[in-house]
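# Reading the structure
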Amino acid sequence: MTDREPLLAFEHVRISYFTRAGELTVVPDLSFQLGAGEALGLVGESGCGKSTVALSIVRYLGRAGRVVAGRIRFEGRDLAALSDAELRRVRGRRIAMVYQDPVASLNPVLTVGRQLMEVPMLHDGLGPAAARARAVRMLAEVNLADPERVLERYPHQLSGGQQQRIVIAMALIAEPALLILDEPTTGLDVTVEAAVLDLVRALRRRHNSAILYISHNLGTVARVCDRVGVMYGGELVEEAPVRQLFTDPRHPYTRGLLDCLPALGRDRHRAPLAPIPGQVPAPGVRPRGCGFAPRCGHVDPPRCLGGPVALLEIAAAPLHRARCVRAGELPRWTPDRDGTAPTGASASRGEAILRLEGLRKEYRPGGGWLGWRRGAVRALNGVDLAVARGTTLAIVGESGCGKSTLARILSGLEIATGGRVRLGELEVGMLPIDRRPRPLRRTLQMVFQNPDSTLNPSHTAGYAITRALRRLRGLPREESRREMARLLEIVQLPPELAARKPHQLSGGQKQRVAIARALAGDPEVVVADEPVSALDVSVQAAIVNLLGELQAGRGTTLVFISHDLAVVRYLADQVAVMYLGTVAEAGPVDAVFAPPSHPYTEALLSAVPVTDPDDRRPRILLEGTLPSATALPRGCPFASRCPRYLGALCDETPPPEQRLDGGHRIACHIPAAELRRLQASGVPPARAGATAGPPPTSARA
Amino acid sequence: MTPPTLEAAARPVRLARPAARPARLRAWARALGRVTESAPASIGAAIVLAWVLAACLAPALSPYAPNANDFAAVASPTPSRAHWLGTDHLGRDILARILWGARTVLTVAPLAVLGATALGALLGLTAGYYRGWIDLVVSRAGDIILTFPVIILYMIVLATFGSSAGNIIAVLTVTKAPIIARIVRGLTLELRGREYVLAAKMRGESPLYVMLVEILPNARGPLLVDMCLRMGYTIVLIGVLGFLGIGLPPPDPDWGGMVKDTYGMMSVWPHMSLFPCAAISSLVIGFNLLAVGLRELALRD
């Protein structure tokens, strides 16, 4: 550890939840230390106990959870021994927390200013004027423009990124010694996430607060932390300085997590994803020896299962500890993986099965009185795209760019208000789902985002599939039962799962059932709307591979909607980058991910967190605000935030669509050759003289 | 929490598969077992079950016929060895009348609640699913019904069409359905956008299927709790109707009617009206406790 007295120390802490079923040990025996001013990341998949650890520090475990054994020491004091009054002084003043959802952390009926000023007034006894001055200073530090005005706002008038900055400001305003960040960027768009992460780094240096950073995302941890602890099943399985961990991971689970991550720089042929087999064990079901042994590819049963495995230092690296008996003898990990990637689809490129021409969708706000109408929300604003049969088109963009609206129009859940959608020979843009004939419904099916609501909690998994088979293919009962078993096999699920209801299935299993249901009609086109974004990385890798295999093996055309550029890079043949209802850039995946790129694509790519702590790519931070979708600018929609903004031309004239080789197109005023030159130079763009653009609005799409 | 009755009611018969029967029986047993995990639910269920048993076994349990007069007892109607709860002013055994009265209450109230729930659920599903003008018509019509002072409405209707069990059920069904429709409409608005509902639409299911098979089963928890609460209210209401003299026609025993007949003698013989009151109260408390317990169990999941 460090030579200094640790700020926070966990000493053989055991945390249990007490339920009707009895004591459930979530964290069996956890020890770690965090020095003053240090940043420690805790990573792991859902259910590994990382949030429980965060909550146990401030004693927020609730009535059911309790620290059963061991001690949590903060600044030399045992936190469990503090009285409620002492604890209140520690919380907020010495320890501050930032949670995942900023909406839940801010009181909706108080202005931001009231909430921010409360902290110094309560903890430091400042008067309102001094507290206000401090709040203004703090808001400026978290890079919020016009702090005086922001103080008067209510939380709902701010965007998600602004809200999270305010929560961070509120946490730091008392100058805490320890800042606990629990998945602080999980709900945010990638460009906003990049800005928040940079902010956390900068503030940490300035305030010298120690940080405990909890995340499932290895990339964000690599960007913020000095040291990283990997948790599995409530245990710390590996702990190392950040560079050490990502270049020479010693525990097979850490390696497994890294192998599950698609890399932005490489396509699927060079680095196929290797999902970790099996599932995270339920808490309380712990094997005798190593907890990871049942899923480990390097398992040596007599040694691994013989008894508890200790967290031991690696001989060559004193700060690096791993809970693996074979940690010293495993071959060195490399980011290049072997294995077989789903391939073959690219060959069958042919005629377009799906063609969008000038697609528009407007939402008219209803509820007007006597013909009163506010402006329509323009979700899609002339989208032209084509998907060749048997290929994968990925649509990427941040929230509010219209990608989900596009999926809903393709699937007939909504209808277009302009333009055309041709599916094969048919025009389907104006054809809602209840007017689509059965053969058409069979042709195009959909996989949804949320594994928790994609299946009806009242019906079994088998029912969901057989019902689809009967409705879409008209199979009789017996035959649909047989066909259902075959589909379960295709999505790699055991047949006995058919009798289970959704609450008895894991997230990945539910998503597999949903894929089987979408395949029931033997569709030619599958539209998948963020099918993996709610899943853990190891499960995500398996589902992404499954989609790739299905697409390659069955020749299905896949429209894959995602905000995750690394997954898109891995899975797609063609990519379309959307911004505010328009296509900013589209083309073959390799062309889109290499210069020349649209300035927006460039910013997105630079924002993606990667698991390389030495990553020093220039980060392009998007400033300015998103124009409101009710009042789109006349010129380029990206002009208000574009780092390569040219001036009045961008504001006044819609950008021309530049067509390059191989179907690559970029909608930008800057000539492609110039873009290529600028982007190859490696100098980050700086937005010059940008005062034009629409006035900032609070609207966040 | 898997409430057995409503689940069975909500599921179309053709979905039942022979292979699933033992599993479903086990699920029922589990659901019943869950009730014992909550103290209020257990007590409530015990009270309700006791009354149901009493009503079923009334012919065997009651010592006298409910309308038989024991004129010897009129002189001293207070509880005695011959008449455990005493007799009323006409010498009719109060215990017998309470037991027989349970039969009518426990027939009329559940039928009225079931009717109101069925009608209300259908209206609520339709309004929430289609929205637009259908929602407007259904919701406003319900609001209009709810603005009436119900007692006056009952008096008008029952005075016009005559007072019978059927009419009471009908009028309670119509006046209580809007409240349930409101609950179901809210749940439907929330559930109609769920991805499994979209998936059902994508495979071309009819609106009726989506409403009854995809949406309604997921609204059963709040509905079941509401049904238990509503049973309590309805029992009180039937008592009030009896008290106002527009309840079940005499001479058959009716708890509210028993109070009405005897409350004038309250200062002399309080037992004549207090025992029927106690019967009403205990049954209402039973249903309310059951509702509280079921809600507690639902929240625990």
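Residues numbered from 1 in each chain as written. Chains lettered and ligands numbered in written order. Predicted model: local features only at pLDDT ≥ 70, side-chain atom pairs only at ≥ 80, totals over all residues.

Residues and elements named next belong to chain B. Put simply, helix α12 (residues 220-243) and helix α13 (residues 255-262) touch, their axes get as near as 6 Å, and they point 40 degrees apart. Considering the relative orientation of α12 and α13, their crossing is right-handed. Along its contact with α12, which presents Ile238, Gly239, Val240, Leu241, Gly242 and Phe243, the element α13 presents Trp255, Gly256, Gly257, Val259 and Lys260. (Axes fitted to C-alpha atoms, helices over the stretch in contact; angles between N-to-C directions. Helix = DSSP H or I, 4+ residues; strand = E, 2+ residues; numbered from the N terminus. Left-handed = near helix turned anticlockwise from the far one by under 90°. Contact = placed C-beta atoms within 7 Å.)

Here helix α6 (residues 94-130) of chain B contains 37 residues, and its C-alpha end-to-end distance of 52 Å stays within 8% of the 54 Å for a straight helix at 1.5 Å per residue. Directly after α6 of chain B, the chain includes Arg131 of chain B, whose backbone phi takes a positive value near 55 degrees. (Expected span 1.5 Å × (residues − 1).)

Right, let's get into the sheet that holds strand β1 (residues 6-19) of chain A. All names here are of chain A. A sheet is described by the order of its strands in space; here 4 strands give the open sequence β2-β1-β4-β5, paired in antiparallel fashion. Each having just a single partner strand, β2 (22-35) and β5 (77-78) make up the two edges of the open sheet. Bridge analysis of β1 against β2 gives 10 bridges, and the strand direction is antiparallel. Looking at β2, one finds that Ser16 is bridged to Thr25. (Pairing = 2+ DSSP bridges.)

Moving on, we get to the sheet that holds strand β14 (residues 377-388) of chain A. Residue and element names in this part refer to chain A. The strand order across the open sheet built from 4 strands is β14-β13-β16-β17, with neighbouring strands paired in antiparallel fashion. Two strands in the sheet have a free side with no partner beyond their single neighbour: β14 and β17 (426-427). Judged from the 9 bridges that link them, strand β13 (residues 352-363) and β14 form a sheet pairing that is antiparallel. Counted as the bridge partner of Leu354 is Val387 from β14.

All names here are of chain A. With an omega of 0 degrees, the peptide bond running from Pro595 to Pro596 counts as cis. With a phi close to 45 degrees, His12 is a non-glycine residue in the positive phi region. Structurally, the position occupied by His12 is in strand β1. Positive phi outside glycine occurs at Asn208, with the angle close to 55 degrees. Tracing the backbone through its elements, the reader meets Asn208 in the loop between α8 (190-207) and β8 (210-215). The exposure class of Asn208 is exposed, given the 12 C-beta atoms found within 10 Å. (Buried ≥ 20, exposed ≤ 12 C-beta atoms within 10 Å, placed from the backbone.)

All names here are of chain A. As assigned here, chain A comprises domain 1 (6-225), domain 2 (235-341), domain 3 (345-579) and domain 4 (594-680). Taken together, the contact pairs 13 residues of domain 1 with 12 residues of domain 4. Among the secondary structure elements, those contributing two or more residues to the side of domain 1 that touches domain 4 are α8 and α9 (218-224). Here the side of domain 1 that touches domain 4 takes 7 residues from α8, the largest share from any one element. Here the residues of the side of domain 1 that touches domain 4 are counted per class, giving 6 nonpolar, 4 polar and 3 charged. (Domains from an automatic or database assignment. Nonpolar A, V, L, I, M, F, W, Y, C, P; charged D, E, K, R; others polar.)

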